[in-house]
Amino acid sequence: MEKNDTLLYVQLAEQLINHIKDGVHPVGDRLPSVRALAKSEQVSIATVSAAYAILEEQGWAEARPKSGYFVKRAAVEPLSMPKKSRAKTSPRAVTVAELAMAVQRGAAASDGVVLSAAIPDLEFPIADIVKRTFTKLSRYPSSFGNGYDIPEGLLTLRQQIARRAVDAGLHISPDAIITTGGAQNAIAQALKALTQTGDIVAVESPCYFGLLQMIEGFGLKAIEIPTDPATGISVDALTLAMQRWPIKAILTIPAFSNPLGCIIPMEKKRLLIQLAQRYDVPIIEDDIYGDLQFEGRRSKALKSIDPDGRVLWCSSVSKTMDPHLRVGWIAPGRYYDEVLQQKFVSEISSPTLPQLVTAEVMKKGLYDRHLRHARATYHQRYIRLLELAREHFPESMRVSSAKGGLVAWFEMPRSVDATELYYMCREQDIHLAPGELFSVSGLYQNCFRLSFSNNWTPKREQAIAFIGSLLKKMV
Ligand SMILES: Cc1ncc(COP(=O)(O)O)c(C=O)c1O
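Definitions and limits used
- Residues numbered from 1 in each chain as written.
- Predicted model: local features only at pLDDT ≥ 70, side-chain atom pairs only at ≥ 80, totals over all residues.
- Heavy atoms only, no water.
- Near = heavy atom within 4 Å.
- Polar contact = N/O pair within 3.5 Å; in protein donor to acceptor, adjacent residues only side chain to side chain.
- Helix = DSSP H or I, 4+ residues; strand = E, 2+ residues; numbered from the N terminus.
- Nonpolar A, V, L, I, M, F, W, Y, C, P; charged D, E, K, R; others polar.
- Domains from an automatic or database assignment.
- Pairing = 2+ DSSP bridges.
- Contact = heavy atoms within 4.5 Å.
- Axes fitted to C-alpha atoms, helices over the stretch in contact; angles between N-to-C directions.
- Expected span 1.5 Å × (residues − 1).
- Buried < 20%, exposed > 50% of the residue type's maximum accessible area, 1.4 Å probe, protein only.
- Arc of directions from axis to C-beta.
- Parallel < 35°, antiparallel > 145°, perpendicular 65-115°, else oblique.
- Left-handed = near helix turned anticlockwise from the far one by under 90°.
- Phe/Tyr/Trp six-rings, centres within 6.5 Å; stacked < 30°, edge-to-face > 60°.
- Lys NZ or Arg CZ within 6 Å of the ring centre and 35° of its normal.

Asks: So what exactly am I meant to see when it comes to the site of the ligand here?
Replies: As a structural note, the neighbourhood of the ligand is formed by 13 residues, with D286, Y289, S316, S318 and K319 the closest of them. A distance of 2.5 Å separates a nitrogen atom of the ligand from a polar atom in the side chain of D286. S318 places a side-chain nitrogen or oxygen 2.6 Å from an oxygen atom of the ligand. Counting residues per element, the shell around the ligand draws most heavily on helix α7 (residues 182–194), which supplies three residues. Broken down by class, the residue content of the shell around the ligand amounts to five nonpolar, five polar and three charged.

Asks: Just checking my understanding: could you explain the domain arrangement of the protein chain for this structure?
Replies: Accessible area lost on assembly of the parts is the figure often given for the size of an interface. Segmenting the protein chain into domains produces domain 1 (3–71), domain 2 (97–120 + 369–474) and domain 3 (144–366). Just the C-alpha atoms count here: the centres of domain 1 and domain 2 sit 32 Å apart.

Asks: Explain the sheet that holds strand β16 (residues 447–451) to me, please; I cannot follow it from the model alone.
Replies: Hydrogen bonding along the main chain pairs the strands of a sheet, whether they run parallel or antiparallel. Strand order in the open sheet made by the four strands is β12-β13-β16-β15, with antiparallel pairing throughout. Each edge of the sheet is formed by a strand with only one pairing partner; in this case those strands are β12 (398–399) and β15 (433–434). Sheet topology places β12 next to strand β13 (residues 407–411); two bridges connect them, and they run antiparallel. Counted as the bridge partner of V399 is F410 from β13. With respect to the sheet, helix α13 (residues 366–392) is in contact with β12, β13 and β16, its orientation differing from that of β13 by roughly 20 degrees.

Asks: Would you mind going over helix α10 (residues 266–279) with me for this structure?
Replies: Helical geometry note: an α-helix holds 3.6 residues per turn, so side chains three or four residues apart project in the same direction. For α10, with 14 residues, the first-to-last C-alpha span of 20 Å sits near the 20 Å given by 1.5 Å per residue. Among the residues of α10, K268, K269, L272, I273, L275 and A276 are the ones counted as buried. Mapping the buried residues of α10 onto a view down its axis gives an arc of 160 degrees, with all of them on the same face. Backbone geometry just downstream of α10 places D280 in the positive-phi region, at approximately 50 degrees.

Asks: Would you mind going over the packing of helix α4 (residues 97–109) against helix α14 (residues 418–427) with me for this structure?
Replies: The relative placement of two packed helices comes down to the angle between their axes together with the axis-to-axis distance. Contact pair α4 / α14: the axes reach a minimum separation of 12 Å and the direction vectors enclose 30 degrees. Overall, the two elements α4 and α14 adopt an arrangement that is roughly parallel. Both α4 and α14 take part in a crossing whose hand is left-handed. Side by side, α4 and α14 meet where L99, A102 and V103 of the first sit next to T419, Y422, Y423 and R426 of the second. Across the contact of α4 with α14, the residue classes tally to five nonpolar, one polar and one charged.

Asks: How should I be thinking about the side chain of Q293 in this particular structure?
Replies: With respect to the element layout, Q293 can be found in the loop between β9 (283–286) and β10 (311–316). What makes Q293 buried here is its relative accessible area of 10%. In terms of polar contacts, Q293 uses its side chain to reach the backbone carbonyl oxygen of E295, at 3.1 Å. A polar contact is formed between the side chain of Q293 and the backbone nitrogen of S299, at a distance of 2.9 Å.

Asks: Whenever I open this one, the packing of aromatic side chains confuses me. Can you help?
Replies: A ring pair, where both rings are aromatic, is described by two values, the distance of the centres and the angle of the planes. In total, this model carries 14 aromatic pairs according to the counting rule given. Ring geometry for F393 and F448: centres 6.0 Å apart, planes at 75 degrees, overall edge-to-face. Separated by 55 residues along the polypeptide, F393 in the loop between α13 and β12 and F448 in strand β16 bring together distant segments of the chain. Residue classification places F448 among the buried residues on the basis of a relative accessible area of 0%. Ring centres 5.4 Å apart and planes at 15 degrees place the aromatic pair F410 and F448 in the stacked group. A residue pair is termed long-range when its members are at least 10 positions apart, and F410 in strand β13 and F448 in strand β16 qualify at 38 residues. Neither residue differs from the other here; F410 and F448 are each classed as buried. Seen from the ring of F70, R64 lies directly overhead, with NZ or CZ sitting 3.9 Å from the centre.

Asks: Is there a simple way to explain helix α11 (residues 336–347) in this structure?
Replies: With twelve residues, α11 should cover 16 Å at 1.5 Å per step; its first-to-last C-alpha distance of 16 Å lies within 8% of that length. Listing the buried residues of α11 in full gives Y336, V339, L340 and K343. Angular distribution of buried residues about the axis of α11 spans 100 degrees; they occupy a single face of the element. Turned more than 90 degrees away from the buried face of α11 sit D337 and V345, all of them exposed. I348 sits one or two residues past α11 and shows a positive phi near 65 degrees.

See below:
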């Protein structure tokens, strides 16, 4: 996103953050009051409040009741952020399938160091709880019903999902939810319900390659929208794209984008909804990482401010409980009937036992307890990744400032070919996700994504040192 089309409050937030980084406002310092800043910057009170909300969300400042905003030490001393994406906003056919499949296969088959896959740590106790619950419930096949489950999915699971959705600011009935085979399947049902071959879907850039592949597989076209590494998809760029192209759906990961790890601030979420209303397009919200916020209260989902049911909220337990379950869901709003029909014709119903297991683990409160532990642990592991990168990677690197999720995005100087790096690492059974996968127009050749979800064993730390040694030869 170019400076001149960056939103005012984002610019103001950036300015304040730069002052904090430069030591103009040391830790503990009281920041200018909302009123004073509005006056000095000649902007509205709402603009300043929105800027301070970004500072709070990113851990730079904290609000103290009746005293104002104070500088808080950033949870992680941020390194340089990757440059804002320069995505070309014209629709293209996707051509990432082969490399994506190779990366996926390599990770699944490897006993080496897998940094390419956004998988949760399966050493966490929740993985054992899932296994034990499976064993327990499989002894009572009578609880599975008559064979096939109903197309909308197991009621007990939908009840648990609806109960937990309150955390994301959603007050939805279990009847508004349809269970699916993971989030990928939920998004697939949404795309099938909303689009036809040749249609254009707006995506963030960089964008998780599984979504780009799906778009390709369905004969759709992706239009890459420039995305700010701190605040997510550019609403200005999206507006321009909407004016120019007949976009049929917007697909976004507002909470902890894969790969950037950023979160769209609430004010910007509102603008996104307003834009979708203006052009009457649906938004597919991929909220798979929403529960994995490192610090503070879970941010509200885009769907929580959706006044007319145009947001299709999709998620799963793949990142938070266990991807083996393949349990996900969708709350499709006004597109409920179309999505249910799509699910019915493509799979009749979802497997019952994994749904029962998921519901049982949630019902017992074990899931929430696990999440508290997982969030803090992943945060520590992300910090450790930054330390290792600082130690081993070239100084000219840039890295995203993740606020949650399981992955971080690295940008290197132009001389680095990350696909080449991927192949060189693979020879040593070290796996990373090359940046090329995250674009349909050949962007991000000098970028790569690393996951930080697993414990930093000496072997994993050495892998980072090895990647660093290759990078230093390339810059
Ligand atoms: C952003 C995003 N969406 C969807 C998926 C797929 O989710 P699931 O495994 O639940 O199908 C992933 C998996 O990596 C992801 O990162």
